[in-house]
Amino acid sequence: MLRTSSVRVLDERDRDSVQALLDADPVGNVFVSSRLRSGGIDSGRLGAELWGYIERGRITALCYAGANLVPVDAGPDAVRQFAEHARWQGRRCSSIVGPVDPVADLWARLSPAWGPARTIRERQPVMEISQPSRREPDPLVRRVTPGEIGILLPACVAMFTEEVGVPPDSGDGGSLYRARIEELVRTGRAFARIEDGRVVFKAEIGAVTPYACQVQGVWVHPALRGRGHSVPGMAAVVRYALAEIAPRVTLYVNDFNSPARAAYRAVGFREVGAVRSVLF
């Protein structure tokens, strides 16, 4: 039987088809779309590969293969072929992240070769807001300045370690992670309330497209939790983001983190989907 589908590494010649596919779901695809808009599609510039699932000459699904493995619009046939390609290539990523069903299918196919996972986040609700919060924003939350990176960085490391389970500086001493935080500060996408040299609340905007942006790294100092910092802090970040960065603000959160989900709902976020994460 003639095979009418295949997987290949995409390049700039595929840009229009790729962008049209990503723009069909600007919130769900904000991470991959942001990476391609800033780094291009060619692997050398992107620092990752973008795989395309080709059916009858047309790209119908994608898989971003970098530090994260991220399927996009991948049905069962595309997942099967992406899994074959990933298994042949060997694991190069630190996580698989994406819509619940495709990631579950991918992991079922890859786990015999790649397993075990360090942890699996079965369902992480995706939340979105497109209007300023009705809650009063914290007037002390502001953009972090380059001179405050030394204050912000320990809070970022603490948040990452608490969320992921391992510190972000365990591999290279933290140089890549610090560079990423410096980039977010330099581009005006790191926000915090800082008092007496200590971060009270912080959040960054990691992925940005003309249609949406994604908040990450939301954190309140452990000694100050339960004092009402998260809702006004997030309201302030949403205000900045909608006014200056993108018309829709999104994030995803662990389903078991009831306080965070309640805080986001209080700000005005609504659930619009869910992702699953497999962490190595």
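Because the structure is predicted, anything quoted here is derived from the model rather than measured.

Student: Pulling in residues and values, what's your account of helix H8 (residues 230-244)?
Tutor: For H8, spanning 15 residues, the distance from its first C-alpha to its last is 21 Å, which sits close to the expected 21 Å at 1.5 Å a residue. Judged by how many residues are buried, H8 sits mostly within the fold: eleven of 15 residues are covered. Regarding H8, the residues found buried are Val-231, Pro-232, Gly-233, Met-234, Ala-235, Ala-236, Val-237, Val-238, Tyr-240, Ala-241 and Leu-242.

Student: Provide a residue-level description of the nonpolar core, including the pertinent values.
Tutor: Val-215, Met-234, Val-249, Tyr-264 and Phe-269 are the most contacted members of the largest nonpolar core, which has 29 residues in total. For this core, the secondary-structure elements that each account for two or more residues are strand S6 (119-129), strand S9 (198-208), strand S10 (213-220), H8, strand S11 (249-252) and helix H9 (258-267). In terms of residues, this core owes the most to one element, H8, which gives eight residues. Apart from residues lying up to four places away in sequence, Met-234 is in contact with Phe-201, Val-215, Val-218, Leu-251, Tyr-264, Val-267 and Phe-269. Judged by nonpolar contacts, the second largest core, of 22 residues, contains Trp-51, Ala-65, Leu-106 and Val-278.

Student: For the pattern of salt bridges, give the residues involved together with the corresponding values.
Tutor: In this structure the tally under the stated criterion is 19 salt bridges. Between Arg-121 and Glu-163 there is a salt bridge; the shortest N-O distance is 3.2 Å. One end of the pair, Arg-121, is in strand S6; the other, Glu-163, is in helix H6 (residues 149-164), with 42 residues separating them in the sequence. Between Glu-244 and Arg-143 there is a salt bridge; the shortest N-O distance is 2.8 Å.

Student: So what about the packing of H6 against helix H7 (residues 175-186)? Which residues, and what values?
Tutor: It is at 10 Å that the axes of H6 and H7 come closest, and there the two elements cross at 120°. One way to sum up the angle between H6 and H7 is to call them oblique. For the pair H6 and H7, the crossing hand works out as right-handed. Contacts between H6 and H7 involve Ile-149, Leu-152, Leu-153, Cys-156, Val-157, Met-159 and Phe-160 from the former and Tyr-177, Arg-178, Ile-181, Glu-182 and Val-185 from the latter. Split into classes, the residues belonging to the contact of H6 with H7 amount to ten nonpolar, no polar and two charged.

How each quantity is defined
- Residues numbered from 1 in each chain as written.
- Predicted model: local features only at pLDDT ≥ 70, side-chain atom pairs only at ≥ 80, totals over all residues.
- Heavy atoms only, no water.
- Helix = DSSP H or I, 4+ residues; strand = E, 2+ residues; numbered from the N terminus.
- Expected span 1.5 Å × (residues − 1).
- Buried < 20%, exposed > 50% of the residue type's maximum accessible area, 1.4 Å probe, protein only.
- Core = buried A, V, L, I, M, F, W, Y, C linked by side-chain atoms within 4.5 Å.
- Contact = heavy atoms within 4.5 Å.
- Salt bridge = Lys/Arg side-chain N within 4 Å of Asp/Glu carboxyl O.
- Axes fitted to C-alpha atoms, helices over the stretch in contact; angles between N-to-C directions.
- Parallel < 35°, antiparallel > 145°, perpendicular 65-115°, else oblique.
- Left-handed = near helix turned anticlockwise from the far one by under 90°.
- Nonpolar A, V, L, I, M, F, W, Y, C, P; charged D, E, K, R; others polar.

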